[in-house]
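Chains, contacts and geometry: an overview
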Amino acid sequence: MPLFVLAASLWSAQAVAQTPPPPPSDDEDLEVPASATPAGTPSATVPAPTTPSSAASSEPEAPPAAPAAPSVPAIAAAEARPPAALPPVPPPAPATRAEPFGGLRFGGYIHAQYQRSRLSEDQLDQSGAPLNQNQFLVRRARLRVDRTWDFASAAVELDANTVRGPRVGIRRAEASLFYRGDNAEDVPPLVALTAGVQDIPFGYELGQSARVRWFMERSQGNLALFPTEPDLGAKLWGAVSFFRYAVAFMNGEPLDERGFPRDPNNHKDLIARFGAEGKPTKQLAIAGGSSLAYGKGFHPGATAGKPTVAWLDGNEDGAMQPGELVGVPGSAAVASESFERWAIGLDLGAKLQTRLGSTHLYGEAFVSSNYDRGFVPSDPVATRVDARQAGGYVALTHELTRYGMFGFRAAIYDPNSDIIETRAAKAVPKEQTIKTFSPLVGLVLPGRARLLFQYDFIRDYLARDEAGVPTDADNDQMTLRLQVEL
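Conventions and cut-offs
- Residues numbered from 1 in each chain as written.
- Predicted model: local features only at pLDDT ≥ 70, side-chain atom pairs only at ≥ 80, totals over all residues.
- Heavy atoms only, no water.
- Helix = DSSP H or I, 4+ residues; strand = E, 2+ residues; numbered from the N terminus.
- Buried < 20%, exposed > 50% of the residue type's maximum accessible area, 1.4 Å probe, protein only.
- Salt bridge = Lys/Arg side-chain N within 4 Å of Asp/Glu carboxyl O.
- Contact = heavy atoms within 4.5 Å.
- pLDDT = per-residue confidence, 0-100.
- Phe/Tyr/Trp six-rings, centres within 6.5 Å; stacked < 30°, edge-to-face > 60°.
- Lys NZ or Arg CZ within 6 Å of the ring centre and 35° of its normal.
- Polar contact = N/O pair within 3.5 Å; in protein donor to acceptor, adjacent residues only side chain to side chain.
- Pairing = 2+ DSSP bridges.

Thoughts on the environment of G327
Its location among the elements puts G327 in strand β11 (residues 325-328). According to the relative accessible area criterion, G327 is exposed, its value standing at 56%. Spatially, the C-alpha atoms of G327 and W311 are 8.7 Å apart, while their sequence positions differ by 16 residues.

Put into structure tokens, the structure is as follows:
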């Protein structure tokens, strides 16, 4: 009987020694090594400590203060035993979090507005276009996509509007290489090269986005020299401390139906702006610069004409009479010709932040020669005389808290300072100067929407009275616009 009890106890002790430890619970935190070991590199195996069940030998337990060295058979048995299974090591976390949409950034806005003009009539002009100008329209509906890397960026912006019927076109399509240097994120890079459809670097108003500009449109003189804000070309630009620079070579043709389908001459316009920006105090910011543009315009020639016969109904009786048939001789072809044009501008602005809100006072002035392409297009080849233009504006806006604003702009533009007309058999200067005074008020939901109202008091001498003397045209207009961000 004692032998049977001894044998049973030895058998149970061996069974306990061969039972593996329970697996770790899923709720336990596993320690992740600082650096993951490559899969193909074997890691050193640390021998597992001797469990109490392995003390089946007859040697007494050694005191804790002086542990006995393991015997040679025990070391051999530990090395022969397979290593304990280690928990799987999770893969290392990525260094940066993945950006949504593959790093693409989307943005846009809509300008929906109602406008009225004193010139509006319920009639058609000679080409069949309506003269009514009291209408609802979508002035701008733009969608922009940007992608930026360490030394390159790209941007595409589409514009849709109903100004002359539903139209969709390219507002921006630019590719850039840049080196930021030590410049902060809110400062332009040290040097950048941009090519494609991009903003024209002339003055302040032309480079100001319609998304942030308070006034409905650019001033009349700015619209005359540059009918469209973008142009096709290449631009080198950047910032060095407070200094700003931009030098561009561009086609020099408006990107709308007023221009040619492509650049008609091989001479590209040189357009540049050099300026500075700074903050003398935390509340005051000042910016200004000088701009220049030089290029060549294009006068289209004419094809050869064949001899024709014309009927002139002198007595207006509707019947052909002797002597009313007139021969028109043929004409020779006229070659196209290019002409020089230039413009120089200055701009200056200051922004002051006070307890009453943000006040922005800015303006610019320019002089040019043969550079009008939108109001009274210059063509010295046809007129045989150069046309000089001059203009400018002064604007003041005040953001009253975050939810309201008001502003005022006074602008002047002279499309031709040297034009002469004949009245009563005398040559007298012809007055074409346009003066515009534009008060503005608005409500703002920051980052969401704007509701703006602007009235334009226009003073010019483009009309004639009963005696044929130039007089002020009745062409004031008002605009109510709702801008909502996408």
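Picking up after the structure, the text goes on.
What about the pattern of salt bridges?
Pairs can form between side chains of opposite charge whenever their charged atoms are close. By the definition in use, this model includes 20 salt bridges. Between E157 and R172 there is a salt bridge whose closest N-O contact spans 3.3 Å. One end of the pair, E157, is in strand β3 (residues 152-161); the other, R172, is in strand β4 (residues 167-179), and 15 residues separate them in sequence. Each of the salt bridges in this network shares a partner with another, and the network as a whole consists of E157, R171, R172, E174, D199, R213, R218 and E229.

Here's the deal with unusual backbone geometry
Trans is the prevailing form of peptide bonds, just as negative phi is the prevailing case for residues other than glycine. Although it is not a glycine, N370 sits at a positive phi angle of roughly 60 degrees. Of note, N370 is situated in the loop between β13 (357-369) and α4 (380-383). The class of N370 is buried, set by a relative accessible area of 3%. Residues other than glycine seldom take positive phi values, yet T401 does so here, at roughly 60 degrees.

What about the side chain of E157?
Looking at E157, the relative accessible area reads 7%, which means it is buried. The residues touching E157, leaving out its near neighbours within four places in the chain, are Y109, R142, L143, R144, G169, I170, R171 and R172.

Details of the confidence of the model for the protein chain
Considering every residue of the protein chain, the mean pLDDT works out to 82; 77% of them sit at 70 or more. Counting interchain partners and residues more than four positions distant, the pLDDT-below-50 stretch residues 1-67 has six contacts. Within the model, pLDDT remains below 50 along residues 72-80, and this stretch shows one contact once partners closer than five positions in the same chain are excluded.

Regarding the packing of aromatic side chains
The geometry of an aromatic ring pair is captured by two quantities: the separation of the ring centres and the angle between the planes. By the definition in use, this model includes nine aromatic pairs. Relative to Y413, the ring of F375 has its centre 6.1 Å away and its plane inclined at 85 degrees; by these criteria the two rings are edge-to-face. Here F375 is found in the loop between β13 and α4, whereas its partner Y413 is found in strand β15 (residues 404-414), with 38 residues between them in sequence. You can call F375 partly exposed: its relative accessible area is 28%. An aromatic cluster of at least three residues, connected via ring pairs, comprises F202, F226 and Y371. Directly above the ring of Y371 sits R341, whose terminal nitrogen or CZ lies 5.2 Å from the centroid. Lying over the aromatic face of W214, R450 brings its terminal NZ or CZ to 3.7 Å of the ring centre.

Details of the side chain of Q389
Tracing the backbone shows Q389 in strand β14 (residues 388-400). We classify Q389 as buried; its relative accessible area is 2%. Engagement of the side chain of Q389 in a polar contact is seen with the side chain of S378, the distance being 3.1 Å. At 3.4 Å, the side chain of Q389 and the backbone oxygen of A387 are in polar contact.

Observations regarding the pairing of β14
Bridging between β13 and β14 involves 12 bridges; their strand directions are antiparallel. Looking across to β14, one finds that S368 is bridged to Q389. Bridge count for β14 against β15 is 11 bridges, and the pairing is antiparallel. Residue A390 lies in a different strand from β15, and its bridge partner there is D414.

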